[in-house]
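Architecture at a glance
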Amino acid sequence: MRVLLVGAGGVGGAITRIAARRPFFEAMVVADYDPGRAEAAVAALEGDARFTAEQVDAGDEAAVARLLRWHRCDVLLNATDPRFVMPLFRAARAAGATYLDMAMSLSRPHAERPYAECGVKLGDEQFTQAADWEKEGLLALVGMGVEPGLSDVFARYAADELFDGIEEIGIRDGANLTVDGYDFAPSFSIWTTIEECLNPPVVYETGKGWFTTEPFSEPEVFDFPEGIGPVECVNVEHEEVLLVPRWVDVRRVTFKYGLGREFVETLKTLHLLGLDRTDPVAVPGPDGPVKVSPRDVVAACLPDPATLGERMHGKTCAGTWVKGVKDGTPREVYLYHVVDNQWSMTEYGSQAVVWQTAINPVVALELLATGAWSGAGVLGPEAFPARPFLDLLTDYGSPWGMREQ
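Structure report, in brief. Small disclaimer: the values here were computed from a predicted structure and weren't measured.

Attention now moves to empty space enclosed by the protein. On inspection of all chains with the given rule, the structure shows 1 cavity of 30 Å³ or more. Within this model, the largest cavity holds a volume of roughly 80 Å³. As for the largest cavity, its lining consists of 14 residues, and the residues nearest its centre are Pro109, Gly119, Pro200, Thr212 and Glu237. Considering only residue class, the lining of the largest cavity consists of 6 nonpolar, 4 polar and 4 charged.

Rendered as structure tokens:
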């Protein structure tokens, strides 16, 4: 297997550190718009000849396709933010390569009823091309991070091995992470965080299909394992709600994120001021007006999440709560994966949230390389058997857990 990794930021850098410990691939080309960042990611691997650095603009489909062909890469792993999903998705298909991402194509709210009806849903642009990918015998594995990704694998595992019938699947994400020296320092890309938290959340129900609600709706307190404890969670737009019902028979699917009241109020203020907008606005500059995206300005003013590891303390938990019936008896379980920041920093030099995101596409790559996973078309993690993934995740030294509720 020869992999083109596009994006050498926090998650991309963690991917290289995790992959470097595994023998399943022949080469990994690390490409970024900033060549220095790609070179630094490769240099950190202490001379592993399988890794090389390149410069590429993720929005330039032709350039990405040329890079895939030049290095004879058969897989493109997208570690950029969601704005670049579609150009990278198309470039992989043009080059005849397998495609993996950790977030799907962007949504657009319904023009007239944004908090009741879906407009363009997450992943819609990709799924409209599914038949073409399948016809060409190519695979696009979408949403293969931690959430979405591992959370979807948990849903498939629950359906296959734990339940006879499932009433509800709820993804629940929470943490007790703190960052020294910062009153507000998101542990993941603020660009992506704003996108998913301020867009109308999507809920799925049998008979009703997909519909939307108000941002931060349906608050609930969820008790997270391994010492994290109770965290208030709210509805947030996320890919699992769009993926799980395509392959798992379930009556209701939700995604709720443990943001905390202060974080929610900060996001609401950004929205109130228009600082969540992505369309450029004119700003006076020394040589005349300069057009900039307000959201990009917010991102530039905040610390890079990849650099926060030394200041960060606590644990992060990603998991899937499932309610249904087994052998005629009601059952509820929470399948989860916890990462302690001190452990991930000591073991890999990566902070917990980006490391937890990064390990899952590497596991998926290894399953594809060995043939344990295979397929064609645009597929989510639920389309593949869960047990090989969970076993390999444990083999990577990062076990998962299950709690009866």
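Next comes the rest of the account.
A surface patch of nonpolar side chains, amounting to about 320 Å² of accessible area, comprises Leu272, Leu273 and Leu275. One can find Leu273 in the loop between helix H10 (261–272) and strand E14 (281–283). Judged by its relative accessible area of 58%, Leu273 is exposed.

Looking now at the layout of surface pockets. A volume near 250 Å³ is recorded for the second largest pocket. Lining of the second largest pocket is provided by 13 residues; of these, Pro109, Glu195, Asn199, Asp276 and Arg295 occupy positions nearest its centre. Looking at the lining of the second largest pocket residue by residue, the classes come out as 4 nonpolar, 4 polar and 5 charged.

What follows concerns unusual backbone geometry. A cis amide bond links Glu147 to the next residue, Pro148, at an omega of 0°. Within the secondary structure, Pro148 is located in the loop between strand E6 (139–141) and helix H7 (150–162). The backbone of Glu226 sits at a positive phi, close to 55°, despite the residue not being glycine. Along the chain, the position of Glu226 falls in the loop between strand E11 (220–224) and strand E12 (229–235). For Glu226, a relative accessible area of 42% translates into the label partly exposed.

In this structure the tally under the stated criterion is 29 salt bridges. One salt bridge in this structure joins Arg113 and Glu117, with 2.5 Å as the shortest N-O distance. By relative accessible area, which is 45% here, Arg113 ends up partly exposed. Each of the salt bridges in this network shares a partner with another, and the network as a whole consists of Glu168, Arg172, Glu205, Glu218, Glu220, Arg252 and Lys256.

Attention now goes to the packing of aromatic side chains. Note on aromatic pairs: each is described by the distance of the centres and the angle between the planes. A full pass over the atoms with the stated rule returns 19 aromatic pairs. Seen from their ring centres, Phe255 and Tyr257 are 6.3 Å apart, and the 70° between their planes marks the pair as edge-to-face. Both residues of the pair, Phe255 and Tyr257, belong to the buried class. Ring pairs connect the aromatic residues Phe222, Phe224, Tyr334 and Tyr336, which therefore count as one cluster. In this structure, Arg21 is placed above the aromatic ring of Tyr348, and the distance from its NZ or CZ to the ring centre is 3.9 Å. Positioned above the aromatic ring of Phe163, the side-chain terminus of Arg331 is 5.9 Å from the ring centre.

Let us now look at the side chain of Arg22. By the secondary structure assignment, Arg22 is in the loop between helix H1 (10–19) and strand E2 (27–32). With relative accessibility at 16%, the residue Arg22 sits in the buried group. Those residues in contact with Arg22 that lie beyond four places of it in its chain are Arg50, Glu366, Leu392, Asp395 and Tyr396.

The subject of this paragraph is helix H12 (residues 341–348). Within H12 the residues assigned to the buried category are Asn341, Ser344, Met345 and Tyr348. Looking straight down H12, one finds that the buried residues subtend no more than 105° of arc, so they occupy a single side. Projecting away from the buried face of H12 at angles above 90 degrees are the exposed residues Gln342 and Thr346. On its buried face, H12 sits against H1, strand E16 (312–313), strand E18 (329–340) and helix H13 (352–370).

In this section: the sheet that holds strand E3 (residues 51–55). With parallel pairing, 7 strands are arranged side by side in an open sheet as E3-E2-E1-E4-E5-E6-E19. Pairing within the sheet leaves two strands with one partner each, and these edge strands are E3 and strand E19 (377–379). Pairwise comparison of adjacent strand axes, ignoring direction, gives a mean angle of 20° for this sheet. Relative to E3, E2 runs parallel, the two being bridged by 5 bridges. Each bridged residue has a counterpart across the sheet, and for Val29 the counterpart in E3 is Thr52. Relative to strand E5 (residues 98–100), H13 is tilted by about 160°, and along the sheet it contacts strand E1 (2–6), strand E4 (75–78), E5 and E6.

Turning next to the nonpolar core. Ile15, Met28, Val30, Ile169, Leu259, Trp373 and Phe389 are the most contacted members of the largest nonpolar core, which has 91 residues in total. A total of 11 residues in this core trace back to one element, the largest contributor, which is H13. Beyond its immediate chain neighbours, meaning those up to four positions away, Ile15 contacts Leu5, Met28, Leu77, Ala79, Met102, Ala358, Pro361 and Val362. One finds Leu4, Leu88, Ala91 and Phe127 within the second-largest nonpolar core, a separate group that totals 29 residues.

With that settled, consider H13. Look at H13: 28 Å from first C-alpha to last across 19 residues, which is about the 27 Å you get at 1.5 Å a residue. Capping of H13 at its N-terminal end is provided by Gln351; its side-chain oxygen lies 2.7 Å from the backbone amide nitrogen of Val353. Note on H13: the residue one or two positions beyond its end, Gly371, has a positive phi of about 85°.

Definitions and cut-offs
Residues numbered from 1 in each chain as written. Predicted model: local features only at pLDDT ≥ 70, side-chain atom pairs only at ≥ 80, totals over all residues. Heavy atoms only, no water. 1 Å grid on protein atoms, 1.4 Å probe; cavity = no way out; pocket = protein on both sides within 12 Å on 5 of 7 lines; lining within 4 Å. Points joined across faces, edges and corners; volume = space filled by probe spheres on them. Nonpolar A, V, L, I, M, F, W, Y, C, P; charged D, E, K, R; others polar. Patch = residues over 30% accessible without salt bridge, like charges linked within 9 Å, V, L, I, M, F, W, Y side chains within 5 Å. Areas by Shrake-Rupley, 256 points an atom, 1.4 Å probe, with all protein chains shown as cover. Salt bridge = Lys/Arg side-chain N within 4 Å of Asp/Glu carboxyl O. Helix = DSSP H or I, 4+ residues; strand = E, 2+ residues; numbered from the N terminus. Buried < 20%, exposed > 50% of the residue type's maximum accessible area, 1.4 Å probe, protein only. Phe/Tyr/Trp six-rings, centres within 6.5 Å; stacked < 30°, edge-to-face > 60°. Lys NZ or Arg CZ within 6 Å of the ring centre and 35° of its normal. Contact = heavy atoms within 4.5 Å. Arc of directions from axis to C-beta. Pairing = 2+ DSSP bridges. Axes fitted to C-alpha atoms, helices over the stretch in contact; angles between N-to-C directions. Core = buried A, V, L, I, M, F, W, Y, C linked by side-chain atoms within 4.5 Å. Expected span 1.5 Å × (residues − 1). Polar contact = N/O pair within 3.5 Å; in protein donor to acceptor, adjacent residues only side chain to side chain.

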